[in-house]
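Okay, here's what each chain looks like letter by letter:
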Amino acid sequence: MMPHRLLWAPFALFTLISGASSPALAAPITAASPTPPPIMKPEERGLLIFQQICSSCHSMDHAHYGDMIALQLDVAALQHWAQQRHTGLESPIASPYPSVAVGKANNGGDYPPDLSHIVRTIRGGPDYIRHMLADYRPAPPGVTLAPHTYYNPTALTHHHKFKMRPPLQEGAINFPDGTKATIPQMASDVTAFLQWADDSHKRTRHFIGTAVLLYLALLSGILLALWRVLKKDAP
């Protein structure tokens, strides 16, 4: 008597040749769905907003183009951004204006402030920045605006009249992770970036501080052990 697997093999070969395969074998092979892009951190989206919108007027003198590698790993894109300002990754993100006079002339008489530490120095901090960026409105009845002035009830300037034009527009940014670029979303994201940029070397400082403490602890242990040995050998 032939073993069972030898009886089964010719039948299986016949079904493959004749196409009489099982429904499971005949099921069509579908292409794998594309992997969705990873969700970006708010500060990563905020960097894109700063690059494409804010940096056209504002500087960040205490941050360098190279610092942004922590948020955007595409070094070539950062180099291109720096080269547009005729500088390199080692340089600070300077004002786009050649002089204060030119900056004032392009912004209704007010020079755009440096944003390096704006979240720490402005009254109200991050909450103020987030709400102010999303709170531009038409002037209410009875309020007259001078040329190059905009109404913003959150703004700290006199009678809520603000010289900075509304920087954020719906859909102004195409985020790689598919996040919808609404004005509140962009205001929140760019504020997160400004908070990060306020101390972009925080992680490095923490790492160095921890390493120094460990080194001092190890050195103290060695000195203590040496002192005990010397004390033991002393007459």
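Structure shown above.
Starting from 1, residues in each chain are numbered consecutively following that chain's sequence as written. Note on the predicted model: pLDDT of at least 70 is required for a residue's local features to be given, and 80 or more for side-chain atom pairs to be given and counted; whole-chain, interface and lining totals, by contrast, use all residues. As a rule here, side-chain values cover all heavy atoms of the structure and leave hydrogens and water aside.

On to the overall build of the protein. The numbering of helices and of strands both runs from the N terminus, where a helix is a DSSP run of H or I of at least 4 residues and a strand a run of E of at least 2. Each helix and strand in the protein was counted, giving nine helices and four strands. Element order for the protein, N to C, with α for helix and β for strand: α-α-α-β-α-β-α-α-α-β-β-α-α. Any residue under 20% of the maximum accessible area for its type is buried, any over 50% is exposed, and the rest in between are partly exposed; the area is computed with a 1.4 Å probe on protein chains only. Counting only residues that meet the buried cut, the protein has 29% of its 235 residues in that class. Note on contacts: a residue pair is in contact if any heavy atoms of the two residues lie within 4.5 Å. Across the protein, contacts joining residues at least 24 apart in sequence account for 60% of those joining residues at least 6 apart.

Another point: the layout of surface pockets. Any empty space left between atoms is shown by rolling a water-sized probe over those atoms. Within this model, the largest pocket holds a volume of roughly 670 Å³. Along its surface, the largest pocket is lined by 29 residues, and His-58, Pro-113, Met-132, Phe-162 and Met-164 are the ones closest to its centre. Take the lining of the largest pocket: its biggest share by element is four residues, from helix H7 (residues 125–133). Here a cavity means grid points, on a 1 Å grid over the protein atoms only, where a 1.4 Å probe fits yet cannot get out; a pocket means an open set of points with protein on both sides within 12 Å along at least five of seven lines; lining residues are those with an atom within 4 Å of a point. Grid points are joined across faces, edges and corners, and a volume is the space filled by probe spheres set on the points.

Pairs were defined over the aromatic rings of Phe, Tyr and Trp, the Trp ring being its six-membered one, requiring ring centres within 6.5 Å. Orientation was assigned from the angle between planes: stacked under 30 degrees, edge-to-face over 60, tilted for the rest. Under the definition given, this model contains five aromatic pairs. Both rings, one in Phe-50 and one in Trp-81, keep their centres 6.1 Å apart while their planes meet at 75°; by these two values the pair is edge-to-face. With a gap of 31 residues between them, Phe-50 in helix H3 (residues 42–52) and Trp-81 in helix H4 (residues 75–84) connect regions that are remote in the sequence. Judged by its relative accessible area of 0%, Phe-50 falls in the buried class. Residue class for Trp-81 comes out buried when judged on its relative accessible area of 5%. Considering the side-chain rings of Phe-50 and Phe-193, the 5.4 Å spacing of their centres and the 40° angle between planes classify their relative orientation as tilted. Of this pair, Phe-50 sits in helix H3 while Phe-193 sits in helix H8 (residues 183–198), and the two are 143 residues apart along the sequence.

Position of Ser-116 among the secondary structure elements: in the loop between helix H5 (100–105) and helix H6 (118–121). Within the structure, Ser-116 has its side chain in polar contact with the backbone nitrogen of His-62 (distance 2.9 Å). Think of a polar contact as two N or O atoms within 3.5 Å of one another; within protein, one of them needs to be a possible hydrogen donor and the other a possible acceptor, and neighboring residues in sequence only count if both atoms come from side chains. A polar contact of 2.6 Å, which involves the side chain of Ser-116, links it to the side chain of Asp-114.

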